[in-house]
Amino acid sequence: EPEVTQTPSHQVTQMGQEVILRCVPISNHLYFYWYRQILGQKVEFLVSFYNNEISEKSEIFDDQFSVERPDGSNFTLKIRSTKLEDSAMYFCASSDLFAGTGDEQYFGPGTRLTVT
Amino acid sequence: AQSVTQLDSQVPVFEEAPVELRCNYSSSVSVYLFWYVQYPNQGLQLLLKYLSGSTLVKGINGFEAEFNKSQTSFHLRKPSVHISDTAEYFCAVSHSGYSTLTFGKGTMLLVSP
């Protein structure tokens, strides 16, 4: 069964450093998402991406964050200058149809980001 | 704005006992409702979803959920749990025209022998 994959599984970085989290969505999916979960808190939406542009983003997704689909398979989340409060589990997801139709989003296993 | 409340952070239960995990939502518009499960070191996997129609929805692994519009609830149930059901369960909502899923904080189901 096709699945969403994410690398690395765990990333440790120092405050102020740039990090890139990588995701490979399911191959025929058209919509891509990033969510994050700070330890003990809710899973929160960050951004959705379709047709090579951001379709929706939350207030968390400020200028420090960016997303890119550099080739036909990868989908990346970049944090330009990490802060301690960026420590979280980051989930990538993809869907075939627009989530606003109720279509299921398929999630990856997550990348745990630890900022020291 | 949407919000999702999962009233129990942890539910301990014995194997073969029934279980109900509670989820309430608030939204000013019609919603789509989902339950996801996360096993240790894995991603979120869809258990079931409600889009429209019958309010009783059956999902994978013997789980079912009932949509109750008047109580704005979407509780998850299983008549007899297994050790392998130990996992974190997330309730989520989305609505037409938007791509966000809004999640609850999750409920850890702990099944013991």
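Above this text is the structure in question.
Residues numbered from 1 in each chain as written. Chains lettered and ligands numbered in written order. Predicted model: local features only at pLDDT ≥ 70, side-chain atom pairs only at ≥ 80, totals over all residues. Heavy atoms only, no water.

Concerning the overall build of chain A
Okay, so step 1: A tally of regular secondary structure across chain A gives zero helices and 11 strands.
Okay, so step 2: Reading chain A from its N end, one meets helices and strands in the order β-β-β-β-β-β-β-β-β-β-β.
Okay, so step 3: Against the compact-globule benchmark of 13 Å for 116 residues, chain A has a radius of gyration of 13 Å, which places it among compact chains.
Okay, so step 4: In terms of its C-alpha atoms, chain A occupies a principal-axis envelope of roughly 40 × 30 × 30 Å.
Okay, so step 5: Taken over 116 residues, chain A has a buried fraction of 48%. (Helix = DSSP H or I, 4+ residues; strand = E, 2+ residues; numbered from the N terminus. Rg over C-alpha atoms; globule rule 2.2 N^0.38 Å. Buried < 20%, exposed > 50% of the residue type's maximum accessible area, 1.4 Å probe, protein only.)

What about the side chain of A:Ser94?
Residue and element names in this part refer to chain A.
Okay, so step 1: Here Ser-94 shows up in strand 9 (residues 88–95).
Okay, so step 2: Polar side-chain contacts of Ser-94 include one of 3.4 Å to the backbone nitrogen of Ile-26.
Okay, so step 3: Of the polar contacts made by the side chain of Ser-94, one reaches the side chain of His-29; its length is 2.7 Å.
Okay, so step 4: In this structure, Ser-94 is in contact with Val-4, Pro-25, Ile-26, His-29, Tyr-31, Phe-32, Tyr-33, Glu-104, Gln-105 and Tyr-106, ignoring residues within four places of it in sequence. (Polar contact = N/O pair within 3.5 Å; in protein donor to acceptor, adjacent residues only side chain to side chain. Contact = heavy atoms within 4.5 Å.)

Here we look at unusual backbone geometry
Residue and element names in this part refer to chain A.
Okay, so step 1: The omega angle of the peptide bond from Thr-7 to Pro-8 is -10 degrees, so this bond is cis rather than trans.
Okay, so step 2: Considering the arrangement of structural elements, one finds Pro-8 in the loop between strand 1 (5–7) and strand 2 (10–13).
Okay, so step 3: Positive phi values are uncommon outside glycine, yet Asn-51 reaches one of about 55 degrees.
Okay, so step 4: With respect to the element layout, Asn-51 can be found in the loop between strand 5 (43–50) and strand 6 (53–57).
Okay, so step 5: Unlike most non-glycine residues, Asn-52 shows phi in positive territory, near 65 degrees.
Okay, so step 6: Looking at the secondary structure, you find Asn-52 in the loop between strand 5 and strand 6.

Digging into the pattern of salt bridges
All names here are of chain B.
Okay, so step 1: Evaluated as defined, the whole model comprises six salt bridges over all chains.
Okay, so step 2: In this structure, the salt-bridge partner of Glu-66 is Arg-77, at a minimum N-O distance of 3.4 Å. On the criterion of sequence distance, the pair formed by Glu-66 in strand 8 (residues 64–68) and Arg-77 in strand 9 (residues 73–78) is long-range, its members being 11 residues apart.
Okay, so step 3: By relative accessible area, Arg-77 is classed as partly exposed at 26%.
Okay, so step 4: Residues joined by salt bridges that share partners form a network here, namely Glu-20, Glu-66 and Arg-77. (Salt bridge = Lys/Arg side-chain N within 4 Å of Asp/Glu carboxyl O.)

Some remarks on the interface of chain A and chain B
Okay, so step 1: If you look at the interface, chain A gives 23 residues, while chain B gives 24 residues.
Okay, so step 2: Taking both sides of the interface into account, the surface hidden between chain A and chain B amounts to around 1,800 Å²; carbon and sulfur atoms contribute 56%.
Okay, so step 3: Our enumeration of links across chain A and chain B arrives at zero salt bridges.
Okay, so step 4: Of all the secondary-structure elements, those providing two or more residues to the side of chain A that touches chain B are strand 4 (31–37), strand 5 and strand 6 of chain A.
Okay, so step 5: Considering only residue class, the side of chain A that touches chain B consists of nine nonpolar, 10 polar and four charged. (Buried area = accessible area lost by both parts, 1.4 Å probe. Nonpolar A, V, L, I, M, F, W, Y, C, P; charged D, E, K, R; others polar.)

A word on the sheet that holds strand 7 (residues 65–68) of chain A
Hydrogen bonds between backbone atoms are what pair the strands of a sheet, whose relative direction is either parallel or antiparallel.
Residue and element names in this part refer to chain A.
Okay, so step 1: The four strands are arranged 1-3-8-7 in an open sheet whose pairing can be described as antiparallel. With one partner strand each, in any of the chains shown, strand 1 and strand 7 form the two edges of the open sheet. Taken over all neighbouring pairs, the strand axes of this sheet differ in orientation by 20 degrees on average, direction set aside.
Okay, so step 2: The pairing of strand 3 (residues 19–24) with strand 8 (residues 75–79) spans five bridges and is classified as antiparallel. If you follow Cys-23 over to strand 8, its bridge partner there is Phe-75. (Pairing = 2+ DSSP bridges. Axes fitted to C-alpha atoms, helices over the stretch in contact; angles between N-to-C directions.)

Things to note about the packing of aromatic side chains
All names here are of chain A.
Okay, so step 1: Per the counting criterion, the structure on display carries 18 aromatic pairs over all chains.
Okay, so step 2: With a centroid separation of 5.4 Å and an interplanar angle of 40 degrees, the aromatic rings of Phe-32 and Phe-75 are classed as tilted. Here Phe-32 is found in strand 4, whereas its partner Phe-75 is found in strand 8, with 43 residues between them in sequence. Both residues of the pair, Phe-32 and Phe-75, belong to the buried class.
Okay, so step 3: Aromatic pair Tyr-33 and Tyr-35: ring centres 6.5 Å apart, planes at 40 degrees, arrangement tilted. (Phe/Tyr/Trp six-rings, centres within 6.5 Å; stacked < 30°, edge-to-face > 60°.)

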